[in-house]
Amino acid sequence: MAGIVGYGVHVPFYRIKVEDIAKVWNEDAESIKKGLNIQEKSVPSKDEDAATIAVEAARRAIKHAGIDAHELGAVYVGSESHPYAVKPTATVVTQAIEAGNNVMCADLEFACKAGTAGLQMVMGLVDSNMIKYGMTVGSDTSQGRPGDALEYTASAGGASFIVGKEKKDIIANIIKTVSYTSDTPDFWRREGASFPSHGGRFTGEPGYFRHITNATKLLFKETGFKPADFDYAVFHQPNGKFPVNVAAQLGFTDKQIEKGLMTPIIGNTYSGSSLIGLAATLDVAKPGQKIMVTSFGSGAGSDSFAIEVTENITSKRKNSTPVMDIVKKNKTYVDYSVYLKNRGSIKKT
Amino acid sequence: MRDVAIIGAGLSKFGERWNSGIKELMAEAGIMALEDAKITSHEIEMLYGGTMASGRFSGQEHVAALMADQLGFHNVPAVRIENACASGGSALRQGYMAIASGIHDIVVVGGVEKMTDVTASEATTALGGAGDQEWELFQGITFPGLYALMAKRHMYEYGTTEEQMASVAVKNHENACKNEFAQFRKRITIDEVMRSKVVSDPLKLLDCSPISDGAAVVVLASMDKAKKYHDTPIKIMASEQSSDTLRLAERESLTAIKATQLAADKAFRHAKLAPKDIDVVEVHDCFTIAEILAMEDIGFYKKGTAAKAIADGETALNGKISVNTSGGLKGCGHPVGATGVKQAAEIVWQLRGDAKDRQVKGAEIGMTHNVGGSGATAVVHIYKRAD
Amino acid sequence: MERSSASLWRKIRSRYNLIGNLCENCGTAYFPPRIVCRKCGRKSKMVEKQFKGDGTVYSFTRIRVPPDTFKEEAPYNIGVIKLDEGPMVEGHVIDTGKELKIGTKVKMVFRKMYTEDDEGLIYYQYKFEPL
């Protein structure tokens, strides 16, 4: 059975508060904060992009896993803000972790669930003994259209997970994974367009809720697990409200999702979202505990995982950088003008 | 090894010369030098031309042949010498060697740079080529950035202050006021330097030499022929040069330019002289900190003590030692390839007693110091009036 | 000047991972890598060495007037960093709001160096983060 042997996260250290965005568009900050359950979001530095974030996360994952990067047989990077339309982010990551040349490699796109799609792929490659270790990364510096509701949540961050098969390496077994997919136009971006478009309230029920509940129920069916069997649950978190609602719908408690709910303090890191939530949960999980993860990507689909923590998690923790430490380090607030400058939105020519 | 003397010197006016290109600037300086030497073009045997980046600035390579052509020399062998900002001084040394070795008797050495045909930004980028392209310029480390790194460290190790650095600029502008060829003929104050825009801290705009157009030419002759052309030939007592690592970070020290120390040491030993014997010196003040480093590295002051001495006025015109009477690179201007040759021209006039308002009284022995990049090349010459 | 991708790709292992070298003959470490050891000349025995990226600020400056390629990035901090393993290396020091001093400890991070233009290449490289 394939399992997680290490993980790493990176979140840029700049933040912008909901108040500073709302002020510009003459909106009521308090009602937005309550409505979306979010305080502030991460903002990348001008010299950061989905590739640099992916590299920082990947380097931390290698350190945590304690493997030689040359042992990686595959590296996949999922994002909706790949720096190039053609030239993979994954090759930058592969080069930057010195994984050598004998690596299977590609970029993925499935809105916010590209990273978990990559997780399923490396699980298959590892389980079938095609490779010894495989890495998936979900990383984004997502663009929020100025003045749009998504501007309050679209942020930057990434997580990298390494999968292997040897029991002595594994910190958490992935017992089962399933997916639920359909052609649903809830949120999209055309080639060359600067900002994504979305169907407003259509993104809720027919998008997020339908796919997450169906994938999770399929997981329950195939494993026989019920919500109470899990100690933790992590959902894709486009804001701080949807995951709370879908958890309740499926029979999970607020306490179960608490540790993995990161959006209120860093925003929606898109392809990083579920994976960062999973990393934050693994930072505190104990051996024997079970974690349920269901991601969501617009377009649309959800990947669901049943995970069980092993004893190795405790001894390997000394080589990991806890997500909360990363989120707190060097945290610096910027105002809307600096936010625009860092995003490259201020035109000089 | 034969003795070599300078028998003629000429400069173009330095500054933003919109009406003049490389050809016009060379002709301006060259004709003046040839007339000074009372020599005809037929007698010239060889030309060395120094220019750093004529290709980047004007799209023109092959500049030595161009110089020989424009000065009316007839089929004279011509070679371009490039050593970044030390191109001129290096060309001078090549000319010296050609005569000292006995191969030629009369050699013309020219230096030119035309920097204003491109934008200031493009010029800054081109100048960055004096450093290491792969690791310094590629990372956006500009030329002022490199000297700023040296200045920061010098301030940290020796307590050198920004005001002391500013005093170099004030002195050199004062001297330039008396130099008809200088780009700037205006006095400045310490306060004005301190309030000028920061380029790369601690260096501010007025700590930096300007972008300039200009040319300089000297005529060299073997000593036995020199008297035929000029009553007061200026003998080159020593011509020495050294190189060092291209990258600043790889040097032994950020507060000393070893290439200067080595070249100056060799020059003093060859001429059997010491720093105290020098009456007037042109040092390479591409930035104010560079003059401070030069005064220490050549040996005029102990490491860490030059800044205060300069601020106290010891190196002003007719002070303990007169430094950069031409106005230096800061006041006279820095058309990169021309500078090393201009320095020689200034010393020639000083030692002949022809420096008018900026004459150093009783000047007998002079020196020039020309640096390439952040110190990968340094050229030092010592001169004495030969009568 | 239009860059060739090759001239910048050539040292990608050094730019991404601080891969330099070491002369086994005398034990001197170099970053960036040297073809020949400065001390040993023909007796050089160069082997690859990866530097951790931990070091101390030896000198620094904040560049406000950039070259063309860095017009969008200015101002930025440049440091001469003394790596723990010995070599001195020049590099960007990212701004974390902490005051930069000679002696500040730094570690390596991975960032964009510059982007050619909307259609050109993006160059990545090591930079340093103050601790």
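Note that the structure is predicted; figures quoted are calculated from it, not measured.

Right, let's talk about the overall build of chain C for a bit. What chain C contains, in helices and strands, is two helices and eight strands. When its C-alpha atoms are laid out on the principal axes, chain C stretches across 45 × 35 × 20 Å. Looking at chain C as a whole, 39% of its 131 residues are labelled buried. Pairs at least 24 residues apart make up 47% of the contacts formed inside chain C by residues separated by at least 6 positions.

Attention now moves to the environment of B:T119. Summarising the element assignment, B:T119 is placed in the loop between β4 (106-114) and α5 (120-127). A sequence separation of 62 residues divides B:T119 from B:F57, and the C-alpha atoms of the two residues are 9.3 Å apart.

Turning our attention to helix α6 (residues 204-223) of chain A. All names here are of chain A. For α6, with 20 residues, the first-to-last C-alpha span of 27 Å sits near the 28 Å given by 1.5 Å per residue. Of all bends in α6, the biggest is about 35 degrees, found at R210. Listed as buried for α6 are G207, Y208, H211, I212, A215, T216 and L219. Those residues of α6 that are buried lie in contact with β8 (172-184), β11 (232-235), α7 (242-250), β12 (290-294) and β13 (299-309). A positive phi of about 80 degrees marks G224, the residue just after α6.

The next subject is the interface of chain C and chain B. Each partner contributes to the interface: chain C provides 25 residues, whereas chain B provides 27 residues. Elements that contribute at least two residues to the side of chain C that touches chain B include exactly β4 (55-63), β5 (76-83) and β6 (88-93) of chain C. Residues that form the side of chain C that touches chain B fall into these classes: 14 nonpolar, five polar and six charged.

What follows deals with the nonpolar core. Ranked by internal contacts, the top residues of the largest apolar core, which has 272 residues, are A:V93, B:I6, B:L47, B:Y147, B:V218 and B:V219. With 10 residues, the single largest contributor to this core is helix α3 (residues 50-65) of chain A. Once you skip the residues sitting within four places of it in the chain, A:V93 turns out to touch A:A54, A:V55, A:A58, A:V75, A:V77 and A:V137.

Here the focus is the domain arrangement of chain A. It is common to give the size of an interface as the accessible area lost on bringing the parts into contact. Residue and element names in this part refer to chain A. Assigned domains within chain A: domain 1 (3-170 + 314-342) and domain 2 (176-311). In this structure, domain 1 and domain 2 have C-alpha centres spaced 16 Å apart. Contact residues are listed per partner, giving 46 residues for domain 1 and 41 residues for domain 2. The set of elements that each furnish at least two residues to the side of domain 1 that touches domain 2 consists of β1 (3-10), α2 (29-36), β3 (40-43), α5 (114-127), β6 (133-141), β7 (156-164) and α12 (323-328). By residue number, the principal contributor to the side of domain 1 that touches domain 2 is α5, which donates six residues.

Attention now moves to unusual backbone geometry. Of note, the bond from C:F31 into C:P32 is cis; its omega dihedral lies within 30 degrees of zero at -5 degrees. Here C:P32 shows up in the loop between β2 (29-30) and β3 (46-50). In this structure, C:P75 follows C:A74 across a cis peptide bond, with omega equal to -5 degrees. The phi dihedral of A:Y270 is positive, around 55 degrees, even though this residue is not glycine. You can see A:Y270 is positioned in the loop between α9 (263-266) and α10 (273-282). Despite not being glycine, B:K272 has its phi angle at roughly 55 degrees, a positive value. Along the chain, the position of B:K272 falls in the loop between α10 (258-271) and β9 (280-282). The exposure class assigned to B:K272 is exposed, which follows from the 9 C-beta atoms found within 10 Å.

The interface with the most contacts, out of two pairs of chains in contact, is the one formed by chains B and C. Separated throughout, chain A and chain B approach each other most closely at a C-alpha pair spaced 13 Å apart.

Turning our eyes to something else, we now look at the sheet that holds β3(A). All names here are of chain A. Ordered in space as β3-β2-β14, the three strands form an open sheet in which the pairing is mixed. The open sheet is flanked by β3 and β14 (332-333), the only strands paired with a single partner. Sheet analysis places strand β2 (residues 14-17) next to β3, joined by four bridges and oriented antiparallel. Counted as the bridge partner of K17 is E40 from β3.

At the interface, 17 residues of chain A touch 13 residues of chain C. For the side of chain A that touches chain C, the secondary structure elements donating two or more residues are α3 and α4 (89-96) of chain A. For the side of chain A that touches chain C, the leading source of residues is α3(A), giving four residues. The residue makeup of the side of chain A that touches chain C, split by class, is six nonpolar, five polar and six charged.

What follows covers the packing of α10(B) against helix α11 (residues 288-298) of chain B. All names here are of chain B. Following both chains from N to C, one finds α10 and α11 inclined at 40 degrees, their axes separated by 8 Å at the closest point. Considering their axes alone, α10 and α11 lie oblique with respect to each other. At the point where α10 passes α11, the crossing takes the right-handed sense. Every residue of α11 that contacts α10 at T260, Q261 and A264 is listed here: A294, D297 and I298. Tallied by class, the residues present in the contact of α10 with α11 amount to three nonpolar, two polar and one charged.

Looking now at the sheet that holds strand β3 (residues 78-81) of chain B. All names here are of chain B. If you trace the 10 strands from one edge of the open sheet to the other, you get β3-β2-β4-β7-β1-β8-β12-β11-β9-β10, paired in mixed fashion. Two strands in the sheet have a free side with no partner beyond their single neighbour: β3 and β10 (322-323). Pairing geometry for strand β1 (residues 4-11) and strand β8 (residues 234-243), over two bridges, is antiparallel. Across the sheet, the residue bridging to I6 is I234, located in β8. Sitting on the sheet, helix α1 (residues 22-37) touches β1, β4 and β7 (213-222), and the angle it makes with β1 is about 130 degrees. Across the sheet, α10 is in contact with β8, β11 (365-372) and β12 (377-385); its angle to β8 comes to roughly 145 degrees.

On to the confidence of the model for chain C, then. With 97% of its residues at a pLDDT of 70 or more, chain C shows a mean pLDDT of 93. Interface confidence for the predicted complex, given as ipTM, is 0.95, next to a pTM of 0.94.

It is worth spelling out the packing of helix α6 (residues 143-158) of chain B against α11(B) at this point. Residues and elements named next belong to chain B. Across the interface, α6 lies against α11 with an axial gap of 9 Å and an inter-helix angle of 60 degrees. As judged from the angle between their axes, α6 and α11 are oblique. Between α6 and α11 the crossing geometry is left-handed. Together, Y147, M150, A151 and H154 of α6 and I289, A290 and L293 of α11 make up the contact between the two elements. Looking at the contact of α6 with α11 residue by residue, the class counts come to six nonpolar, one polar and no charged.

Reading the values: rules and limits
- Residues numbered from 1 in each chain as written.
- Chains lettered and ligands numbered in written order.
- Predicted model: local features only at pLDDT ≥ 70, side-chain atom pairs only at ≥ 80, totals over all residues.
- Helix = DSSP H or I, 4+ residues; strand = E, 2+ residues; numbered from the N terminus.
- Buried ≥ 20, exposed ≤ 12 C-beta atoms within 10 Å, placed from the backbone.
- Contact = placed C-beta atoms within 7 Å.
- Expected span 1.5 Å × (residues − 1).
- Bend = angle between axes of the 7 residues up to and from the residue.
- Nonpolar A, V, L, I, M, F, W, Y, C, P; charged D, E, K, R; others polar.
- Core = buried A, V, L, I, M, F, W, Y, C linked by C-beta atoms within 7 Å.
- Domains from an automatic or database assignment.
- Pairing = 2+ DSSP bridges.
- Axes fitted to C-alpha atoms, helices over the stretch in contact; angles between N-to-C directions.
- Parallel < 35°, antiparallel > 145°, perpendicular 65-115°, else oblique.
- Left-handed = near helix turned anticlockwise from the far one by under 90°.
- pLDDT = per-residue confidence, 0-100.

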